[in-house]
Amino acid sequence: MRLAELSERSGVSTATIKYYLREGLLPPGRQVNATTAEYEEEHLRRLRLVRALIQVGRIPVATAKEVLGHVDDESLGRTMRLGAALWALPQPPEPAEDDAAVTAARREVDRLLAEVRWDSVRELGDLSPVHRSLVTTVATLIRLDYDWNAEELVPYARLMREVAARDLDFLETHESDAEKAEMAVAAAVLFEPVLRALHRLAQEEESARRYGIV
């Protein structure tokens, strides 16, 4: 398809598409002549992902470019490709090393990972921004005197393992590693809010069942 058709099908203006091309968020099309290029369905899919990252996820253009750079990095194995793309997404503040609550949280997170036998992520530890995010959040709960220790977190971790298995099952329905990485990024930005909403709705429903609506 030509640029005008790509714009029409995506709902993105040609000027914005040209900007994404200049910034490297969208791969160049196949050059037909000096002034014209053709684009494929892959460009349409990528363009929709870029818009989701920037408009829905409120991710800065520079960060989106970094994320998509990892998505396209064929030198990485599948696990590293997925991990690098997800790690490049915006993360919460880093844990403070001289904080007693952080020390306690790091101990509880390590106990949690050992209990559920998540050996790979336990080995990575603080190299993972997601691990550091969990430590920061647990530390905040500890400061608020909520007893969210390893024993309390284990059932939640086991439930999330089931969610992760479903996530990966869905990724396997896509052919290329680039598509799998794109879907993982899209899910992190778009589907995690769905999980949060379902969690809160489940709490509302369970509360009504236990205590009544009034």
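Each value, and the rule that gives it
Residues numbered from 1 in each chain as written. Predicted model: local features only at pLDDT ≥ 70, side-chain atom pairs only at ≥ 80, totals over all residues. Heavy atoms only, no water. pLDDT = per-residue confidence, 0-100. Helix = DSSP H or I, 4+ residues; strand = E, 2+ residues; numbered from the N terminus. Axes fitted to C-alpha atoms, helices over the stretch in contact; angles between N-to-C directions. Parallel < 35°, antiparallel > 145°, perpendicular 65-115°, else oblique. Contact = heavy atoms within 4.5 Å. Nonpolar A, V, L, I, M, F, W, Y, C, P; charged D, E, K, R; others polar. Core = buried A, V, L, I, M, F, W, Y, C linked by side-chain atoms within 4.5 Å. Buried < 20%, exposed > 50% of the residue type's maximum accessible area, 1.4 Å probe, protein only. Salt bridge = Lys/Arg side-chain N within 4 Å of Asp/Glu carboxyl O.

Attention now moves to the confidence of the model for the chain. Residues of the chain with pLDDT of at least 70 account for 100%, and the chain-wide mean is 89. Considering each helix and strand of the chain separately, the mean pLDDT is smallest for helix H5 (residues 78-87), with a value of 81, and largest for helix H6 (residues 100-116), with 95.

For the rest of this paragraph, the subject is the packing of helix H4 (residues 61-71) against H5. Where H4 meets H5, the closest approach of the two axes is 8 Å, and the angle between their N-to-C directions is 175°. Viewed along their axes, H4 and H5 adopt a mutual orientation that is roughly antiparallel. Of the residues in H5, those in contact with Val67, His70 and Val71 of H4 are Arg81, Ala84 and Ala85. Partitioning the contact of H4 with H5 into residue classes produces 4 nonpolar, 1 polar and 1 charged.

With that settled, the discussion passes to the nonpolar core. Counting residues in each nonpolar core, the largest one holds 32 residues, and the members touching the most others are Leu6, Tyr20 and Leu53. Counting only elements with at least two residues in this core, the list comes to helix H1 (3-10), helix H2 (14-23), helix H3 (41-56), H4, H5 and helix H10 (177-211). When near neighbours in sequence (up to four residues on either side) are disregarded, Leu53 contacts Arg58, Ile59, Ala64, Leu68, Val185 and Val189. With 14 residues, the next largest nonpolar core counts Leu113, Val116, Val138 and Ala139 among its residues.

This part is about the pattern of salt bridges. Tallied over the entire structure, the rule returns 18 salt bridges. Between Arg9 and Glu41 there is a salt bridge, with the nearest N and O atoms lying 2.8 Å from each other. In this pair, Arg9 is assigned in helix H1 and Glu41 in helix H3, connecting sequence segments 32 residues apart. Judged by relative accessible area, which is 36%, Arg9 ranks as partly exposed. Glu41 gets classed as partly exposed once you look at its relative accessible area, which sits at 43%.

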